[in-house]
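# An overview of the molecular structure
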Amino acid sequence: MATTYINCPFTGTAGSGTYYKIKIDYTQDIANNQTTATFMGVLKFGSNYGSYSHSGTSISFSVDGVAHNRTNKSWDNPTSETEVWTSAYTKTFTHNDDGTLEVQLAMEYVTGTSRLGTVAVSGSAGKWTVPTIPRASTLNSISSLSLEDNITVTFTKHSNSFTHKLKVYPTGGGASGYKTLSNYSSGVGQKFTTAQLLSLYGTFGSTLPTKAKVILETYSGGTLIGTDTQTNIPLKVGTAQVKVSGHWKRGVPWVKAGGTWHRSIAFGKASGSWHRGL
């Protein structure tokens, strides 16, 4: 739990050391983008406040324009008054989609039906600017992808505690599937497994896709925080090299198994070891 104080300058007659303030104890739920805050108002007179009689006076505060917890207190010619606290008010706020939040606060000291002074929260136009809750990471520009090579994508993280999954959807040519790279880190190349590629090939239509859609998922523990998406990314598919009209192009080999042709992955042997691609 964190604690902050909002100072509320007293605009009526007040001696040195007089203050209003609102104490806020709060916790933040990152996964659900919420802050739960408990508010208490406090008033203290300074040593030279004056010789007013304050029988039946009260203090209260408001949150987002709604008054809460008026506390009655009698003062008789106060010269050195201790702090007087209102009772507590607790509320859970849902932040904006970008994790920001502002809460309107005010406080007043009332005697009978006449206010001796009005107050305003200092420094932020009467608002408590709640600490921003980090939200989903955002993808940087992706110039191109090669389905059978390292998938290298960079993104901007808003919390070091978040983890990520990268989903790649080949598009065009009748493609209809996607595969996921789990525990994905910004700027670190990661390959699909042979099984993942073969599964993707099975979702292609009669021609190879030339574009891709990428979705970055951001997680706090097991809870999905949010996503960021980019589309129409140039995509290369296949590692077999074939010469067409005098130009080398990537292709996907086919093999016949059980009387049926299937797309496959090209492998080549170099220095005694087999490698995916030719």
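Residues numbered from 1 in each chain as written. Predicted model: local features only at pLDDT ≥ 70, side-chain atom pairs only at ≥ 80, totals over all residues. Heavy atoms only, no water.

## Examining the overall build of the chain
Stated precisely, the cut-off is as follows: Labels follow the DSSP assignment, with helices taken as runs of H or I lasting at least four residues and strands as runs of E lasting at least two, numbered in each case from the N terminus. Remark: exposure states derive from per-residue accessible area (1.4 Å probe, protein chains only) relative to the maximum for the residue type, with buried under 20%, exposed over 50%, and partly exposed in between. Contacts are assigned to residue pairs that have any heavy atoms within 4.5 Å of one another. Shrake-Rupley sampling with a 1.4 Å probe provides the accessible areas, and residues are treated as covered by the protein chains on show and by no other component.
If you tally the helices and strands in the chain, you get one helix and 23 strands. Residues classed as buried in the chain amount to 40% of the 278 residues present. Look at the contacts in the chain between residues 6 or more apart in sequence, and 61% of them connect residues 24 or more apart. About 14300 Å² of surface is accessible on the chain, with carbon and sulfur atoms providing 48% of the total.

## Some thoughts on helix α1 (residues 194-201)
Our working definition: The directions considered for the arc are those from the helix axis to the C-beta atoms.
Among all positions of α1, only Gln196, Leu197, Leu200 and Tyr201 are buried. On an axial view of α1, the arc spanned by its buried residues comes to 135 degrees, and they lie on one face.

## A short note on the pairing of strand β17 (residues 223-236)
Under the convention used in this document: Should DSSP find at least two bridges between two strands, the strands are taken to pair.
Sheet topology note: the strand β12 (residues 145-146)/β17 ladder contains two bridges and is parallel. Its bridge partner being in β17, Leu145 is matched across the sheet by Leu235. As judged from the nine bridges shared by strand β16 (residues 211-220) and β17, these two strands associate in the antiparallel manner. Across the sheet, the residue bridging to Glu217 is Thr227, located in β17.

## With respect to the sheet that holds β17
Spatially, β12-β17-β16-β14-β15 is the arrangement adopted by the five strands of the open sheet, whose pairing is mixed. Two strands in the sheet have a free side with no partner beyond their single neighbour: β12 and β15 (179-181).

## A few points about the pattern of salt bridges
Condition: Between Lys or Arg on one side and Asp or Glu on the other, a salt bridge is scored when a side-chain nitrogen of the former is within 4 Å of a carboxyl oxygen of the latter.
Taken as a whole and assessed by the stated rule, the structure comprises four salt bridges. One salt bridge connects Lys91 with Asp64, and the closest N-O pair in it is separated by 4.0 Å. Linking Lys91 in strand β7 (residues 89-94) with Asp64 in the loop between β4 (57-63) and β5 (66-73), this pair joins segments that are 27 residues apart in sequence. With relative accessibility at 29%, the residue Lys91 sits in the partly exposed group. Judged by its relative accessible area of 37%, Asp64 is partly exposed.

## Quick word on the packing of aromatic side chains
We count it as follows: Two rings belonging to Phe, Tyr or Trp (six-membered ring only in the last case) form a pair when the distance between their centres is within 6.5 Å. Interplanar angles under 30 degrees mark stacking, angles over 60 mark edge-to-face geometry, and anything in between is tilted. Two conditions define a charge located above a ring, namely a distance within 6 Å from the ring centre to NZ of Lys or CZ of Arg, and an angle within 35 degrees of the ring normal.
Under the defined criterion, the tally for this structure stands at seven aromatic pairs. Considering the side-chain rings of Phe39 and Tyr89, the 6.4 Å spacing of their centres and the 25 degrees angle between planes classify their relative orientation as stacked. You can see Phe39 sitting in strand β3 (residues 34-44) and its partner Tyr89 sitting in strand β7, a full 50 residues away along the chain. On the basis of relative accessibility, which here comes to 0%, the residue Phe39 falls in the buried class. In textbook terms, an aromatic cluster arises when at least three aromatic residues are bridged by ring pairs, as seen for Tyr26, Phe39, Tyr89, Phe93 and Trp128. Over the face of the ring belonging to Tyr169 we find Lys213, whose NZ or CZ atom lies 4.6 Å from the ring centre.

## Remarks on the nonpolar core
The line we're drawing: Take the buried residues of types Ala, Val, Leu, Ile, Met, Phe, Trp, Tyr and Cys, join any two whose side-chain atoms come within 4.5 Å, and each joined set is a nonpolar core.
Leu145, Leu147 and Leu166 are the most contacted members of the largest nonpolar core, which has 25 residues in total. Elements that contribute at least two residues to this core include exactly β14 (163-171), α1, β16 and β17. Beyond its immediate stretch of four places on either side in the chain, Leu145 contacts Ile151, Val153, Val168, Ala212, Val214, Ile233, Pro234, Leu235 and Lys236. In terms of nonpolar packing, the next biggest core, distinct from the first, is built from 22 residues, Cys8, Ile59, Val63 and Tyr109 among them.

## What to know about the side chain of Thr86
Quick note on the threshold: For this analysis, a polar contact is any N or O atom pair within 3.5 Å, provided that within protein one partner can donate a hydrogen and the other can accept it, and provided that sequence-adjacent residues contribute only side-chain to side-chain pairs.
Its place among the elements puts Thr86 in the loop between β6 (84-85) and β7. Within the local environment of Thr86, its side chain forms a polar contact with the backbone nitrogen of Gly41, the two atoms lying 2.8 Å apart. The contact partners of Thr86, leaving out residues within four places of it in the chain, are Met40, Gly41, Ile59, Ser60, Phe61, Asn69 and Thr71.

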